[in-house]
Amino acid sequence: MTKSILITGCSSGIGLHAALTLDARGYQVFAAVRNPEDIEVLQAKGLNAFHLDYTDTDSISSTLAAILAITGGTLDYVFNNGAFGQPGALEDLPTEALKAQFDANVFGWHELTKQVLPIMRAQGHGRIIQCSSVLGFVSMPYRGAYNASKYALEGLTDTLRLELLDTDIKVILIEPGPINTAFRVNALKAFKANIDIENSIHRASYEQQLERLAAEESNAKFALEPIAVTKALIHSLESKRPKVRYRVTFPTYLFAYLKRLLPTRWLDSILAKG
C-alpha cells in the first residue's frame, strides 16, 4: 500500500530533495511551502504542492484538511522541516524577533503535530519526524534565537515520544550539522531586518557573519548535501525500529561526543570560536 507523507519547507534544500526522492520512491508526497509562489514550481516538478505557513493556524488546518480529503482521512508520516534562522547576539535581538523565531520553528510545528496526532491515533500508526539541528544540543554565539528554538524542539519531541510509548506512533529527531541549502539566504534577510548592525558592540563580528551568510556556498567544513538528510529520513520511515535520533554530518557526531566527554568550560572555549 502506498504510504503518504506531508513534508514542510519544500521550496528548496532538505525539504525539496526529500520530497522529490520519496516521490520517486513511490510515496504519496504532499509538499508544503510557506511562499505560495513556490507551489507552481513544485507542481512543475510533478509534486502535490500546498501552501502551509507555520505561523498561521488556519493555514495549517486548511492544508491538512485538503490533504486528508485526498487520502480519505489518513496520513502515515509527517516530516516537520520548514524553519529559518535568526542571527544576532541575544543582547541585540528584539523580543519580537525571538517570538517570530519560535512561531515558525516551534509553535507551528507543535500545532501541526497536535492536529495530526488524532488522525494517527485513529488509524493506529504513524511517524512524526522532526528536523532539528546540531544546534539543538550545543550552542554557538550569534545563533541564540535559532539555538533556543531547536533546544525547545528537542524537549518537546523527547516528551512527546514518552507520551506515545503505548502507541504505534513513533517520534524521531534528525539532527543535521552544516548542509548546503538556501538557509543562509533567509538568515541574511532576517539578520538585516532585525539587528542594528551598525550600532552594535558586536559590529566587527557581525561583519564576518555577513560575509559568511552572503557566500554562495557554505564555508563550513564537512558541509554535506541534502541527500545526507534524506538518507536518514528514509531509514526513519522504513526501518521497523527507527532510531530515536539520527545525527547527520561529522560535526554533529563530534559535538555529541565532546559534550559527553569535556567539562563545560572546555567545550565553551571550542564553541565560542564557531
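Residues numbered from 1 in each chain as written. Predicted model: local features only at pLDDT ≥ 70, side-chain atom pairs only at ≥ 80, totals over all residues. Heavy atoms only, no water.

- Going by an unreviewed UniProt entry, the protein chain carries the name SDR family oxidoreductase and comes from Thalassotalea euphylliae.
- The Sequence similarities (unreviewed entry) comment attached to the protein chain in UniProt states, word for word, "Belongs to the short-chain dehydrogenases/reductases (SDR) family." (UniProt positions renumbered as here; feature names shortened; annotations may be inferred.)

**Some points on the nonpolar core**
And then number 1: The biggest cluster of nonpolar side chains holds 55 residues, and the ones touching the most others in it are Ile-5, Ile-7, Leu-22, Phe-79 and Ile-174.
And then number 2: Residues contacting Leu-22, with those up to four places away along its chain left out, are Ile-5, Ile-7, Tyr-27, Val-29, Leu-233, Ile-234 and Leu-237. (Core = buried A, V, L, I, M, F, W, Y, C linked by side-chain atoms within 4.5 Å. Buried < 20%, exposed > 50% of the residue type's maximum accessible area, 1.4 Å probe, protein only. Contact = heavy atoms within 4.5 Å.)

**Let's talk about the side chain of His-202**
And then number 1: With respect to the secondary-structure elements, His-202 resides in the loop between helix 6 (183–194) and helix 7 (203–214).
And then number 2: Apart from the residues lying within four places of it in its own chain, the contact partners of His-202 are Ala-89, Glu-91, Asp-92 and Tyr-142. (Helix = DSSP H or I, 4+ residues; strand = E, 2+ residues; numbered from the N terminus.)

**Focus: the side chain of Asn-80**
And then number 1: By the secondary structure assignment, Asn-80 is in strand 4 (residues 77–80).
And then number 2: Within the structure, the side chain of Asn-80 is placed 3.3 Å from the side chain of Thr-113, a separation counted as a polar contact.
And then number 3: Those residues within four positions of Asn-80 in sequence are excluded, and the remaining contacts are Thr-8, Tyr-54, Trp-109, Leu-112, Thr-113, Ile-128, Ile-129, Gln-130 and Cys-131. (Polar contact = N/O pair within 3.5 Å; in protein donor to acceptor, adjacent residues only side chain to side chain.)

**Regarding the packing of aromatic side chains**
And then number 1: Evaluated as defined, the whole model comprises 8 aromatic pairs.
And then number 2: With a centroid separation of 6.2 Å and 50° between ring planes, the pair formed by Tyr-27 and Tyr-77 is classed as tilted. Here Tyr-27, found in the loop between helix 1 (13–24) and strand 2 (28–33), pairs with Tyr-77, found in strand 4; they are 50 residues apart in sequence, far enough to count as distant.
And then number 3: On the basis of relative accessibility, which here comes to 10%, the residue Tyr-27 falls in the buried class.
And then number 4: Take Tyr-77: its relative accessible area is 8%, and that puts it in the buried class.
And then number 5: A centroid spacing of 5.1 Å and a plane angle of 90° characterise the contact between Phe-191 and Tyr-206, whose relative ring orientation is edge-to-face. (Phe/Tyr/Trp six-rings, centres within 6.5 Å; stacked < 30°, edge-to-face > 60°.)

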